[in-house]
Amino acid sequence: MDLISKKDGKYNYIEVGEGTPIVILHGLMGGLSNFEGVAKYFSQKGHKIVIPELPLYTQNILKTNVKAFARYVKDFITYKGFDRVILLGNSLGGHIALYHTKMYPEKVAGLVITGSSGLYESAMGDSYPKRGDYEYIKKKAEAVFYDPSVATKEIVDEVFGVVNDRIKVIKTLTIAKSAIRHNMAKDLPKMHVKTCLIWGKNDQVTPPDVAEEFHKLMPNSDLYWIDKCGHAAMMEHPDEFNRLLDEWLQKVEL
């Protein structure tokens, strides 16, 4: 199955399968293809998988923040005519999913986050990638995964392209500051949506204690671990990620 992006109005997105919609939100440096394993598996298990391209680098700088992206997702869900959806997000996508759930709880039947920002940010704060230094970018990309070989040349090239684009660098830093500003710690205890946390035990970007904190603060959450796994579990261990998510979906009957 090839995942082909289509344009509809102002939205670019992938859509496969039929059934209960799972809307997937990618991260800051993550492409739509990162969720290929999830899309293929769940589109054959009674779900419509929809992966919108988030306007991280195309909106006005004043709309380049977590809250504005959450509104964009709500507008997209409304445009598609979905009543309620399961939201799944990785990294920044998880943060946007959380903020969307805070603002529009009536739209969210269930929430799945993996390696999510929202409580703790270290992804770029210590040393933002140096422009022009390919080896440095390669090492940073490899550090996202437990197994560095998952960071293919295609992935490294994509990140290298972003950090060598002046506008994208400015917007990336704007988003990183927005993620810190929109910390969710005070909101999470009031969010009663059924939530699945799937975390890599070796995540260096949002370490395991971040997952524990999410689990502690969210009143209706289940936490699952994947061993020998970094920040993008759905890419590094797609089969195990799908198995755990499938198990959770059946348990909570979404």
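Note that the coordinates shown come from a computational prediction; the quantities given were computed from them, not determined experimentally.

Enquirer: Looking at this model, I keep getting lost on the sheet that holds strand β4 (residues 47-52). Mind explaining?
Expert: Read from one edge to the other, the open sheet built from eight strands follows the order β1-β2-β4-β3-β5-β6-β7-β8, with strand pairing classed as mixed. Edge positions in the open sheet fall to β1 (6-8) and β8 (221-226), since each of these has one partner strand only. Along the sheet, successive strands turn relative to each other by an average axial angle of 25°, direction set aside. In this sheet, β4 lies alongside strand β3 (residues 20-25) in parallel orientation, the contact comprising four bridges. Paired with I22 across the two strands is I49, which belongs to β4. Seen against the sheet, helix α3 (residues 92-103) touches β3, β5 (85-90) and β6 (108-114) and runs at an angle of roughly 145° to β5. Against the sheet, helix α9 (residues 238-252) makes contact with β4, β5, β6, β7 (195-200) and β8, and its axis sits at roughly 160° relative to β8, the strand it touches most.

Enquirer: Looking at this structure, I do not really get a positive patch on the surface. What am I missing?
Expert: A surface patch of like charges, here positive, comprises K10, K63, K67 and R71. When you line up the elements, R71 lands in helix α2 (residues 66-80).

Enquirer: I keep staring at the packing of aromatic side chains and nothing clicks. Help me out?
Expert: The geometry of an aromatic ring pair is captured by two quantities: the separation of the ring centres and the angle between the planes. Counted under the stated rule, the structure contains seven aromatic pairs. Their ring planes at 65° and their centres at 5.2 Å tell us that Y13 and F76 sit as a pair that is edge-to-face. Taken together, the residues Y13 in strand β2 (residues 11-16) and F76 in helix α2 connect sequence positions 63 residues apart. Using a relative accessible area of 0% as the deciding quantity, one classes F76 as buried. Here Y134 and F160 contribute two aromatic rings whose centre-to-centre distance is 5.1 Å and whose plane-to-plane angle is 65°, an arrangement assigned as edge-to-face.

Enquirer: Teacher, can you tell me more about the packing of helix α4 (residues 134-142) against helix α5 (residues 153-163) here?
Expert: Two packed helices can be described by the angle between their axes and the distance between those axes. Interaxial distance between α4 and α5 falls to 9 Å at its minimum, and their mutual angle equals 120°. Looking at the two axes, α4 sits oblique to α5. As α4 runs across α5, the sense of the crossing is right-handed. Residue-level inspection shows Y134, I137, K138 and A141 of α4 in contact with α5, the latter providing K153, V156, D157, V159, F160 and V163. For the contact of α4 with α5, the class distribution of residues is seven nonpolar, no polar and three charged.

Each value, and the rule that gives it
Residues numbered from 1 in each chain as written. Predicted model: local features only at pLDDT ≥ 70, side-chain atom pairs only at ≥ 80, totals over all residues. Heavy atoms only, no water. Pairing = 2+ DSSP bridges. Helix = DSSP H or I, 4+ residues; strand = E, 2+ residues; numbered from the N terminus. Axes fitted to C-alpha atoms, helices over the stretch in contact; angles between N-to-C directions. Contact = heavy atoms within 4.5 Å. Patch = residues over 30% accessible without salt bridge, like charges linked within 9 Å, V, L, I, M, F, W, Y side chains within 5 Å. Areas by Shrake-Rupley, 256 points an atom, 1.4 Å probe, with all protein chains shown as cover. Salt bridge = Lys/Arg side-chain N within 4 Å of Asp/Glu carboxyl O. Lys, Arg positive; Asp, Glu negative; His and termini not counted. Charge placed at Lys NZ, Arg CZ, Asp CG, Glu CD. Phe/Tyr/Trp six-rings, centres within 6.5 Å; stacked < 30°, edge-to-face > 60°. Buried < 20%, exposed > 50% of the residue type's maximum accessible area, 1.4 Å probe, protein only. Parallel < 35°, antiparallel > 145°, perpendicular 65-115°, else oblique. Left-handed = near helix turned anticlockwise from the far one by under 90°. Nonpolar A, V, L, I, M, F, W, Y, C, P; charged D, E, K, R; others polar.

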